[in-house]
Amino acid sequence: MKLYAKTIAQTLPDWATVVTKSADLFEIEINDEHPNFQSLLEELETEIEPGTFGVKAEDLCSRLGIEMSNTGLQQLVEQAQSLISLIATHSDYKQLLDEGYQPDLNIADAQTALTYLQWELDRNQQLSL
């Protein structure tokens, strides 16, 4: 299981690992098979609505000391565009291209897809005004 957070505690349990941190976003991998994690879930389990039991993400995050990312799509697109630009200019990426790396889809395709998505978001926002 993965969680995406804006902030995390200084120390995480041994069943939670930060996989990546980029653009003010932490990607946290949770070993949901770990017995300690299972115990935590049992401890936090509540009746969410009549007859439905589970764990609220807010309660789990509070216990882990993390703040969930509630980023809007517009901001995510902007972050993705920024990251793709960094990839396109990264020396390791350029080296792969020099060595013959030729994917079916490339960085320019990703940038174009994000631009189209940005245009659609902008259009929808103008229509709602």
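Attention here is on the structure that accompanies the text. (Residues numbered from 1 in each chain as written. Predicted model: local features only at pLDDT ≥ 70, side-chain atom pairs only at ≥ 80, totals over all residues. Heavy atoms only, no water.)

## Points about the layout of surface pockets
Roughly 150 Å³ of volume is contained in the largest pocket. As for the largest pocket, its lining consists of 11 residues, of which Tyr4, Ser22, Leu25, Gln79 and Leu83 are closest to the centre. Broken down by secondary-structure element, the contributors of at least two residues to the lining of the largest pocket are strand E2 (16-22), strand E3 (25-30) and helix H3 (73-89). Partitioned by chemical class, the residues of the lining of the largest pocket number seven nonpolar, three polar and one charged. (1 Å grid on protein atoms, 1.4 Å probe; cavity = no way out; pocket = protein on both sides within 12 Å on 5 of 7 lines; lining within 4 Å. Points joined across faces, edges and corners; volume = space filled by probe spheres on them. Helix = DSSP H or I, 4+ residues; strand = E, 2+ residues; numbered from the N terminus. Nonpolar A, V, L, I, M, F, W, Y, C, P; charged D, E, K, R; others polar.)

## Structural notes on the nonpolar core
Counting 14 residues, the largest nonpolar core has Leu3, Trp15, Ile28, Ile30, Leu60, Leu64 and Ile66 as its most contacted members. Secondary structure elements with two or more residues in this core: strand E1 (2-7), E3, helix H1 (35-44) and helix H2 (57-64). Contact partners of tryptophan 15, with chain neighbours within four places excluded, come to Glu29, Ile30, Asn31, His34, Asn36, Phe37, Leu40 and Leu64. Counting six residues, the second-largest nonpolar core is a separate cluster that includes Val77, Ile84, Tyr93 and Leu121. (Core = buried A, V, L, I, M, F, W, Y, C linked by side-chain atoms within 4.5 Å. Buried < 20%, exposed > 50% of the residue type's maximum accessible area, 1.4 Å probe, protein only. Contact = heavy atoms within 4.5 Å.)

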